[in-house]
Number of protein chains: 2
Amino acid sequence: MSLLVTGSIGIDTIKTPHGTQERCLGGSSIYFSMAASFFSPVRFVGVIGDDCPFDLPEVFKGRDVDLRGLEERAGSKTFVWHGTYHEDMNDRTTDHVELNVLQEAPPKVPEVFADSRFVFLANTAPALQLELLDQVTDPTFVAADTMNLWIENDLDDLKRLLRKIHCLIINDDEARLLADEPNLVKAGAKILAMGPPIVIIKKGESGSLMCLDDGETFVLPAFPAAEVVDPTGAGDSFAGGFMGYLARTGNRDDDTLKMAIAYGTVVASFTIAGFSLNGLTDITEKEIEARLEALRRATRF
Amino acid sequence: MSLLVTGSIGIDTIKTPHGTQERCLGGSSIYFSMAASFFSPVRFVGVIGDDCPFDLPEVFKGRDVDLRGLEERAGSKTFVWHGTYHEDMNDRTTDHVELNVLQEAPPKVPEVFADSRFVFLANTAPALQLELLDQVTDPTFVAADTMNLWIENDLDDLKRLLRKIHCLIINDDEARLLADEPNLVKAGAKILAMGPPIVIIKKGESGSLMCLDDGETFVLPAFPAAEVVDPTGAGDSFAGGFMGYLARTGNRDDDTLKMAIAYGTVVASFTIAGFSLNGLTDITEKEIEARLEALRRATRF
């Protein structure tokens with residue numbers, strides 16, 4: 001089924017204990033689309049300035065990623081992010097941000113994308129997420145991400161959004177903040193009560209927790225990876241694998257959701273093995289299936 | 001098969017967001033023995049002062065815990081520990097410690113325990129762990145815990161110990177320190193190279209990671225528990241469930257080790273639901289089996 005993503009496109013400069021990558025391609029919609037493209041066609045909505053050094057059609061060449069929602073805005077500048085991961089790579093500092101085109105009007109969802117059934121709204125102001133969602137006629141499954149900034153400053157908008165989506169995908173610290181509850185299982189339950197029937201809490205190298213409104217809980221560790229070169233994009237790749245698998249199956253029963261979490265976990269484990277998209281671009285579906293089997297073996301008792 | 005434990009017995013005062021418990025029973029050998037007793041007979045070795053307010057035969061009444069290795073030392077005082085768990089209960093402060101009898105000579109392993117096959121050496125100075133282990137004639141499976149203090153100050157003794165044991169059970173921060181490596185999968189591999197064929201890294205609410213010298217890795221999340229009243233003793237209960245299950249089966253193949261990790265995880269999830277031993281004392285084997293099944297359902301895809 002059709003899968004639409006709206007999110008950022010960034011020029012990233014990343015330092016990790018494994019090296020530095022300057023002005024490489026990043027952004028939530030980029031990681032999401034590359035990850036999801038292993039499972040499903042992707043409809044891409046995002047905006048760049050006229051300074052963008054990346055040839056996105058070339059980046060997604062050979063993949064079923066429809067870039068008709070990509071806007072290159074004349075006179076605007078592309079989003080820029082600089083970050084440093086420390087020795088313990090769970091510890092990240094944002095060194096520099098230029099929002100640029102992201103603080104202007106959001107891109108439009110092209111009319112040819114309006115019939116999309118699966119929608120992922122990557123992190124941005126919840127009012128913009130609502131505006132983007134309004135341009136999709138009759139979605140069957142909508143997931144969104146958010147962050148501390150909106151929980152603290154735009155909670156009313158965020159609560160309106162939560163009543164319109166099926167799934168919130170959120171980091172552990174953000175879940176604690178949104179629910180005002182340190183225990184993640186309780187936090188998940190409190191967020192379920194705000195609207196979405198599915199809450200997925202991302203815990204970085206500790207994996208993820210999914211709380212469902214039928215009372216089921218699913219927990220999965222991250223793939224035990226010895227090679228972590230650059231964690232940037234792990235969360236968006238996770239969301240891409242998750243949504244891509246759901247869009248492929250067209251289902252959302254508990255077993256399908258669990259498989260989708262496992263695929264998201266696997267795809268994210270490839271992302272972190274290289275800078276920018278390098279960990280993802282060379283893998284094959286066969287390698288994804290093999291790692292899924294390895295994850296199953298590593299967690300089954 | 002026979003399972004021997006040596007470790008501390010403590011008078012704990014614990015503050016958590018759920019309340020305060022003053023002068024309650026604690027200590028590694030206490031939690032370990034209670035947890036292991038659901039699976040296997042336990043031989044208990046530990047020392048208290050003549051001020052100890054607890055009736056240990058009464059505590060373990062009806063369980064197959066052989067207290068002939070319990071020494072009440074005249075003129076000595078029992079170990080005292082005060083700790084506070086903060087709003088985020090992963091964050092613990094030690095407020096007060098009186099080592100007392102723990103800094104005197106260790107207890108002796110009674111001769112009737114010398115033929116023990118499974119041995120757990122809870123955290124203490126590695127020289128003392130070696131001395132205790134020397135009193136067991138022909139153990140088939142020895143596991144030990146350790147802590148930052150010994151890694152920093154008694155590394156040579158600890159390395160001698162690591163060459164004599166089959167399994168190290170250690171916290172994540174300690175594993176990073178011992179291996180001088182932030183990535184836990186790599187840290188596990190480096191500790192395997194120090195001697196023990198099995199390394200288990202405890203990650204608190206994020207579960208555990210087991211690295212085996214045959215190259216297998218096993219990861220399991222903690223049981224997704226909404227009720228966490230007091231995390232004290234979770235790690236020792238985990239070790240007790242793990243070793244108790246191994247001693248019951250008498251095996252140590254990979255599948256048995258994975259099941260043992262799962263049972264350790266389940267027993268620890270009961271421990272944290274109450275202060276001191278309250279979470280453990282009232283449960284039944286049937287409840288343990290039911291929660292094992294729930295953990296399986298919550299992690300299987």
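The model shown is predicted, which means the values in this text are computed figures rather than measured ones.

Caption draft 1: Inspection of the overall build of chain A at higher detail. Helix and strand content of chain A: eleven helices and 13 strands. Computed over its C-alpha atoms, the radius of gyration of chain A comes to 18 Å, within 12% of the 19 Å expected for a compact globule of 301 residues. Projected onto the principal axes, the alpha-carbon positions of chain A cover approximately 55 × 40 × 35 Å. Burial analysis of chain A (301 residues in total) assigns 60% to the buried set. Taking the intrachain contacts of chain A between residues at least 6 apart in sequence as the baseline, contacts between residues at least 24 apart amount to 64%. If you sum the accessible surface of chain A, you get close to 11,700 Å²; carbon and sulfur atoms cover 47% of it.

Caption draft 2: Spatial organisation of the pattern of salt bridges. Inspection of every chain in the model, using the stated rule, returns 26 salt bridges over all chains. A:Arg68 is the salt-bridge partner of A:Asp66, the closest N and O atoms lying 2.8 Å from each other. On the accessibility criterion, A:Arg68 (55% relative accessible area) is exposed. For the salt bridge of A:Arg176 with B:Glu205, the shortest nitrogen-to-oxygen distance reads 3.1 Å. Taken as a pair, A:Arg176 in helix α6 (residues 172-179) and B:Glu205 in the loop between β11 (198-202) and β12 (208-212) lie in two separate chains rather than in one. A single network of salt bridges, built from pairs that share partners, joins A:Glu71, A:Arg73 and A:Glu104.

Caption draft 3: Spotlight on the sheet that holds strand β3 (residues 19-26) of chain A. Residue and element names in this part refer to chain A. What the four strands build is an open sheet, ordered β3-β2-β6-β7; its pairing is mixed. Edge positions in the open sheet fall to β3 and β7 (92-98), since each of these has one partner strand only. Averaged over all adjacent pairs, the angle separating strand axes in this sheet is 15°, with direction ignored. In this sheet, β7 lies alongside strand β6 (residues 79-85) in antiparallel orientation, the contact comprising six bridges. The residue bridging Trp-81 from the neighbouring strand is Val-97, located in β7.

Caption draft 4: Representation of the environment of B:Gln129 in the model. All names here are of chain B. Among the structural elements, Gln-129 can be located in helix α3 (residues 126-134). In the structure, Gln-129 is positioned 37 residues away from Arg-92 in sequence and 26 Å away in space, judged by C-alpha atoms. Looking at Gln-129, its side chain comes within polar contact range of the main-chain oxygen of Ala-122, at 3.0 Å. At 2.9 Å, the side chain of Gln-129 and the backbone oxygen of Asp-145 are in polar contact.

Caption draft 5: Expanded view of the sheet that holds strand β1 (residues 3-6) of chain A. Residues and elements named next belong to chain A. In space, the nine strands of this open sheet follow the order β5-β4-β1-β8-β9-β10-β11-β12-β13, with mixed pairing throughout. Looking at the sheet topology across the chains shown, the edges are occupied by β5 (65-73) and β13 (217-220). Averaged over all pairs of adjacent strands, the angle between strand axes in this sheet comes to 15°, irrespective of strand direction. Note: strand β9 (residues 141-144) against strand β10 (residues 167-171), two bridges, orientation parallel.

Caption draft 6: Main features of the interface of chain A and chain B. Taken together, the 37 residues of chain A in the interface contact 37 residues of chain B. Of the roughly 3,000 Å² buried at the junction of chain A and chain B (both faces included), carbon and sulfur atoms supply 56%. It is A:Val219, A:Arg300 and A:Phe301 in chain A that bury the most area against chain B; as a group they hold 24% of the surface buried on that side. For the pair chain A and chain B, the number of links is six salt bridges. Ionic pairing is found between A:Glu227 and B:Lys186, a salt bridge with its closest N-O pair at 3.9 Å.

Caption draft 7: Layout of a negative patch on the surface. Together, A:Glu87, A:Asp88, A:Asp91 and B:Asp180 give the surface a local cluster of negative charge. Taking relative accessible area as the criterion, B:Asp180 reaches 62% and is therefore assigned exposed.

Caption draft 8: Local environment of the relation of the copies chain A and chain B. For the pair chain A and chain B, the best superposition has an RMSD of 0.0 Å and corresponds to a rotation of 180° with a translation of 0.0 Å parallel to the axis. This pairing of chains is accounted for by a two-fold axis. Mapped onto chain B, 100% of the interface residues of chain A again fall at the interface, so both copies present the same surface.

Caption draft 9: Highlighting empty space enclosed by the protein. A complete count under the given rule lists one cavity of 30 Å³ or more for this structure. In this structure, the largest cavity spans a volume of roughly 60 Å³. Around the largest cavity, the lining residues are A:Arg296, A:Thr299, A:Arg300, A:Phe301, B:Arg296, B:Thr299, B:Arg300 and B:Phe301. Counting residues per element, the ones that place at least two in the lining of the largest cavity are α11 (285-299) of chain A together with α11 (285-299) of chain B.

Caption draft 10: Broad picture of helix α6 (residues 172-179) of chain B. Within α6(B) the residues assigned to the buried category are B:Glu174, B:Ala175, B:Arg176, B:Leu178 and B:Ala179. Count one or two residues on from α6(B) and you reach B:Asp180, which has phi positive near 50°.

Parameters at a glance
- Residues numbered from 1 in each chain as written.
- Chains lettered and ligands numbered in written order.
- Predicted model: local features only at pLDDT ≥ 70, side-chain atom pairs only at ≥ 80, totals over all residues.
- Heavy atoms only, no water.
- Helix = DSSP H or I, 4+ residues; strand = E, 2+ residues; numbered from the N terminus.
- Rg over C-alpha atoms; globule rule 2.2 N^0.38 Å.
- Buried < 20%, exposed > 50% of the residue type's maximum accessible area, 1.4 Å probe, protein only.
- Contact = heavy atoms within 4.5 Å.
- Areas by Shrake-Rupley, 256 points an atom, 1.4 Å probe, with all protein chains shown as cover.
- Salt bridge = Lys/Arg side-chain N within 4 Å of Asp/Glu carboxyl O.
- Pairing = 2+ DSSP bridges.
- Axes fitted to C-alpha atoms, helices over the stretch in contact; angles between N-to-C directions.
- Polar contact = N/O pair within 3.5 Å; in protein donor to acceptor, adjacent residues only side chain to side chain.
- Buried area = accessible area lost by both parts, 1.4 Å probe.
- Patch = residues over 30% accessible without salt bridge, like charges linked within 9 Å, V, L, I, M, F, W, Y side chains within 5 Å.
- Lys, Arg positive; Asp, Glu negative; His and termini not counted.
- Charge placed at Lys NZ, Arg CZ, Asp CG, Glu CD.
- Least-squares fit on C-alpha atoms with pLDDT ≥ 70 in both.
- 1 Å grid on protein atoms, 1.4 Å probe; cavity = no way out; pocket = protein on both sides within 12 Å on 5 of 7 lines; lining within 4 Å.
- Points joined across faces, edges and corners; volume = space filled by probe spheres on them.

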